[in-house]
Each structure stands twice: as C-alpha cells, then as structure tokens.
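# Fold and geometry: a report
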Amino acid sequence: MSSKAKTPRVFFDASIRNNCIGIGIYEMTTNDSTSITIQCSYDMVSSKAEEIALRQALEYSLTKYKSKTVKLFTDNFFVYRANREVFELFNSRNNTDITLHWIPRELNTEADRLSKLGSKGIKGASSTPIVGGIRSFIMTKSIEQRVALLRNIFKKQHEIDFLNNFLNNKSVKG
C-alpha cells in the first residue's frame, strides 16, 4: 500500500443460520469484499458471532492492506462498546492506529448482505457497494429516511431534543 493510499475503511457484520456463521467484510475505498463461512457444532449467539466477525475483519485488514491505520465499522453496539478500549491497548502494543466505530444498520448493508451469503455457505458473490462514500449514500435517501438515520444515531437526550427542535423549526441555542 503506497503512502498516499487512503486509510482502509472496513465494514463488517455477522449472521447465523443453521449453526453456520456468515461473516461479511467490505472495504469501501477499494470495494474489496469477502464472505466467510464458519460451521459450528453448537448453537451460536449473535453477540459471539459479531465478536468473531470483528476478529476476522481485523485480521483481514491487517493482512490485506498491510496498513498500520485502519477504521473498522460495526452496526452492533455491544461489540463497539465492549471493544473500543481494547484497541487502545492493541495500538499501544503494536504501533498501530486502529479504531472501531459504531454506525446505524442502514449504513452497513453491504457487510450485512455478504454475511448472509456466508451463513448460506455462498462465498464472495458480486458486490453492490456504497459508491462515493457515506455522504453520497445519505444524499440519495429521502428526507424521511435521513431523519430515521438520525434517530438511530442520536441516543443522548440533548441530541434527541436538538433533532426534535430542528424538525419542528424551533430556535436551537448552542
């Protein structure tokens, strides 16, 4: 990877079907993607499958891009909350800059699609990536869909109040 290459932005997701974990990994800068199938001999819970997907996405990123800087994205808030501080320790021990970010499910559709293929045992398949980045993707949505995305992102009371005031055309003081 050249020094002028963009930081890999790797989206990942997991799904479970008939004791089969499907993992979808999608890198939006290069449109690289993969689906992984892992057969289990026991019932798997979704939170554990998402943790496995995180490890697979990290390994995929560090191996494929040979970059010390990677941004990982998940729509699973539990995985995000449980692991974001782990990367601080990982980064300090490995001289890396790997960050984990939470995004709404609506922004993780390609990794979700790939994970479902993986849970069915279908490898790879064709990709329909978000072209032009997240901003361009959001701009293709209707105003109602944009508001729904904001409602998924805004969780703190002051953020909810701001959104409600904004939508009701009330003055918002900073």
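All values derive from a computational prediction rather than experimental measurement.

Cut-offs applied
Sequence order as written defines the numbering, with residues in each chain counted from 1. With the structure being a predicted model, the display of local features is reserved for residues of pLDDT at least 70 and the display and counting of side-chain atom pairs for 80 or more, all residues being used for whole-chain, interface and lining totals. Hydrogens are left out, water is left out, and the side-chain values use all remaining heavy atoms of the structure. pLDDT: the predictor's confidence for each residue, scored from 0 to 100. Only runs of H or I of at least four residues qualify as helices and only runs of E of at least two qualify as strands under DSSP, and these elements are numbered from the N terminus. We call two residues in contact whenever any of their non-hydrogen atoms come within 4.5 Å of each other. Whenever Lys or Arg places a side-chain nitrogen within 4 Å of a carboxyl oxygen from Asp or Glu, that contact is recorded as a salt bridge. Three labels apply to residues, based on accessible area from a 1.4 Å probe with only protein chains included: buried if under 20% of the type maximum, exposed if over 50%, partly exposed otherwise in between. Two strands make a pair as long as DSSP finds a minimum of two bridges between them. In this analysis an axis means a line fitted to C-alpha atoms, helices contributing only their contacting stretch, and an angle means the value between N-to-C directions, from 0 to 180 degrees. For our purposes a nonpolar core is just a set of buried Ala, Val, Leu, Ile, Met, Phe, Trp, Tyr and Cys residues, chained together by side-chain atoms within 4.5 Å. Like charges within 9 Å and nonpolar side chains (Val, Leu, Ile, Met, Phe, Trp, Tyr) within 5 Å are joined into patches, using only residues over 30% in relative accessible area that form no salt bridge. Under the convention used here, a 1.4 Å probe and the Shrake-Rupley method define accessible areas, while residue burial counts only the protein chains that appear. Each Phe, Tyr or Trp ring, with Trp reduced to its six-membered ring, pairs with another whose centre is within 6.5 Å; inter-plane angles below 30 degrees give stacked pairs, above 60 give edge-to-face pairs, and intermediate values give tilted ones.

## Brief notes about the confidence of the model for the chain
Of the residues in the chain, 82% reach a pLDDT of 70 or more, and the chain-wide mean stands at 80. Within the chain, no element has a lower average pLDDT than helix H4 (residues 133-139), which sits at 60, and none a higher one than strand E4 (residues 69-74), at 94. In the model, residues 124-132 has pLDDT below 50 throughout and makes 19 contacts with residues more than four positions away in sequence or in other chains.

## Things to note about the pattern of salt bridges
Counted according to the given criterion, the structure contains five salt bridges. When the shortest N-O distance is used, the salt bridge between Glu85 and Arg84 registers 3.7 Å. Given a relative accessible area of 34%, Arg84 falls into the partly exposed group. As a salt-bridge pair, Glu110 and Arg113 come within 2.8 Å of each other at their nearest N and O atoms. Taken together, the positions of Glu110 and Arg113, both in helix H3 (residues 109-119) and three residues apart, correspond to about one turn of that helix.

## Considerations on the environment of Ala57
In this fold, Ala57 is placed in helix H1 (residues 46-65). A relative accessible area of 0% means that Ala57 is categorised as buried. Here Ala57 is in contact with Val10, Phe12, Ile25 and Leu72, once residues within four sequence places are set aside.

## Topic: the sheet that holds strand E1 (residues 9-17)
Ordered in space as E3-E2-E1-E4-E5, the five strands form an open sheet in which the pairing is mixed. Either end of the sheet is taken by a strand with one partner, and the two such strands are strand E3 (32-39) and strand E5 (97-102). Strand-to-strand twist across the sheet, computed as the mean angle between neighbouring axes with direction ignored, equals 20°. Of the strand pairs in this sheet, E1 and strand E2 (residues 20-27) are connected by eight bridges, and their pairing is antiparallel. Among the inter-strand pairings, Ala14 is bridged to a residue of E2, identified as Ile23. The sheet contacts of H1 involve E1, E2, E3, E4 and E5, and relative to E1 the element is tilted by about 145°. Contacts from H3 reach E1, E2 and E3 within the one sheet, and its direction differs from that of E2 by about 145°.

## Side note on the nonpolar core
Nonpolar side chains in soluble globular proteins generally cluster together in the buried interior. Grouped together as the largest cluster of nonpolar side chains are 24 residues, with contacts concentrated most on Phe12, Ile25 and Leu72. The leading source of residues in this core is H1, at eight residues. Beyond its immediate chain neighbours, meaning those up to four positions away, Leu72 contacts Val10, Phe12, Leu54, Ala57, Leu58, Ser61, Phe87, Ile98, Thr99, Leu100 and His101. Core analysis: the second largest hydrophobic core is formed by ten residues, Phe11, Met28, Leu107 and Ala111 among them.

## What to know about a nonpolar patch on the surface
Taken together, Phe162, Phe166 and Leu167 make up a surface patch of nonpolar side chains, about 280 Å² in accessible area. Mapping Phe162 onto the fold places it in helix H6 (residues 157-167).

## Thoughts on the packing of aromatic side chains
Scanning the entire structure with this criterion turns up six aromatic pairs. Look at Phe11 and Phe73: their rings are 4.6 Å apart centre to centre, the planes differ by 15°, and that puts the pair in the stacked class. Here Phe11, found in strand E1, pairs with Phe73, found in strand E4; they are 62 residues apart in sequence, far enough to count as distant. Here Phe11 falls in the buried class, since its relative accessible area comes to 3%. For Phe73, a relative accessible area of 9% translates into the label buried. Ring geometry for Phe77 versus Tyr80: centroids 5.6 Å apart, planes at 45°, classification tilted.

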